[in-house]
Amino acid sequence: MSDKQQRQALTAVERAMVAIRRSQTRRSLGRLAPPDGEGRPVDPTLFGVLDAVEERDGACSVSDVAAALGVDQPRASRLVLRAAEEGWLTRGPDPADARRMLLALTPEGRDRLDRTHRLREEVFARAMADWPAADRVEFARLLTAFVEGFGREAGSAPQAPRAARHPLRVEGRGI
């Protein structure tokens, strides 16, 4: 591949990433979030909190949420409080350090998160419906590798996206 082709590829990736970022606004994600029991769209910001707690799969603190979301501690605390008020998280003392609070998903929080993941996966499946299965699998592999590499470059703790840690979920959902 020539230098010019490599630059063109990087430019295409940069532009695609900008388009993805723009499409991930509160409003667009709100349209994808399942409504709450009263028919209101659920604030997608809170799904970031639930995702962060799920990612830790166990001991998760407000500091962990702040790091995962790239926000300061006070902002993370407010988001965690809202998620707890919705009944999606519980907070309890860390047995190893009573000054630290640990977060856990409630059954309702788990249900919300699972429904949102399924809804988003359905949207992604429709977006790739005309792709050959091998291309969908390769895209998942490459996108996961990109996210991990970008995380290392950006200085954030590289964490494989959820689908990469659950590869059967990717294949099982037809993505």
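Everything discussed here concerns the structure shown above.
Presented here is a report on the structure given in the accompanying data block. (Residues numbered from 1 in each chain as written. Predicted model: local features only at pLDDT ≥ 70, side-chain atom pairs only at ≥ 80, totals over all residues. Heavy atoms only, no water.)

1. Comments concerning the nonpolar core
Thought 1: V49, L50, V53, V65, V80, L89 and L103 are the most contacted members of the largest nonpolar core, which has 18 residues in total.
Thought 2: Looking at this core, the elements that each hand over two or more residues are α3 (44–56), α4 (62–69) and α5 (73–85).
Thought 3: Element by element, the count of residues in this core is highest for α3, at six residues.
Thought 4: Setting aside its immediate chain neighbours within four residues, V80 contacts V49, V62, V65, L89, R91 and L103. (Core = buried A, V, L, I, M, F, W, Y, C linked by side-chain atoms within 4.5 Å. Buried < 20%, exposed > 50% of the residue type's maximum accessible area, 1.4 Å probe, protein only. Helix = DSSP H or I, 4+ residues; strand = E, 2+ residues; numbered from the N terminus. Contact = heavy atoms within 4.5 Å.)

2. Side note on α5
Thought 1: For α5, spanning 13 residues, the distance from its first C-alpha to its last is 18 Å, which sits close to the expected 18 Å at 1.5 Å a residue.
Thought 2: Listed in full, the buried residues belonging to α5 are A76, L79, V80 and A83. The buried residues of α5 occupy an angular sector of 100° when projected down its axis, which confines them to one face.
Thought 3: Each element contacted by the buried residues of α5 is listed here: α3, α4, β1 (89–94) and β2 (97–105).
Thought 4: Phi for G87, located one or two positions after α5, is positive at around 90°. (Expected span 1.5 Å × (residues − 1). Arc of directions from axis to C-beta.)

3. Quick look at the packing of α3 against α5
Thought 1: Their axes nearest at 9 Å, the elements α3 and α5 cross at an angle of 95°. Considering the angle they form, α3 stands roughly perpendicular to α5. Every residue of α5 that contacts α3 at T45, L46 and V49 is listed here: R75, L79, V80, R82 and A83.
Thought 2: For the contact of α3 with α5, the residue count by class is five nonpolar, one polar and two charged. (Axes fitted to C-alpha atoms, helices over the stretch in contact; angles between N-to-C directions. Parallel < 35°, antiparallel > 145°, perpendicular 65-115°, else oblique. Nonpolar A, V, L, I, M, F, W, Y, C, P; charged D, E, K, R; others polar.)

4. Re the pairing of β2
Thought 1: In terms of strand pairing, β1 meets β2 through six bridges, oriented antiparallel. Along β2, the bridge assignment pairs T90 with A104. (Pairing = 2+ DSSP bridges.)

5. Comments concerning the packing of aromatic side chains
Thought 1: Evaluated as defined, the whole model comprises three aromatic pairs.
Thought 2: Summarising the aromatic geometry, the rings of W131 and F139 are spaced 5.3 Å apart at their centres and angled 80° between planes, so their arrangement reads as edge-to-face.
Thought 3: Given the relative accessible area of 31%, W131 is considered partly exposed.
Thought 4: Look at F146 and F150: their rings are 6.0 Å apart centre to centre, the planes differ by 20°, and that puts the pair in the stacked class. Of this pair, F146 and F150 both sit in helix α7 (residues 133–154), separated by four residues, roughly a single helical turn. (Phe/Tyr/Trp six-rings, centres within 6.5 Å; stacked < 30°, edge-to-face > 60°.)

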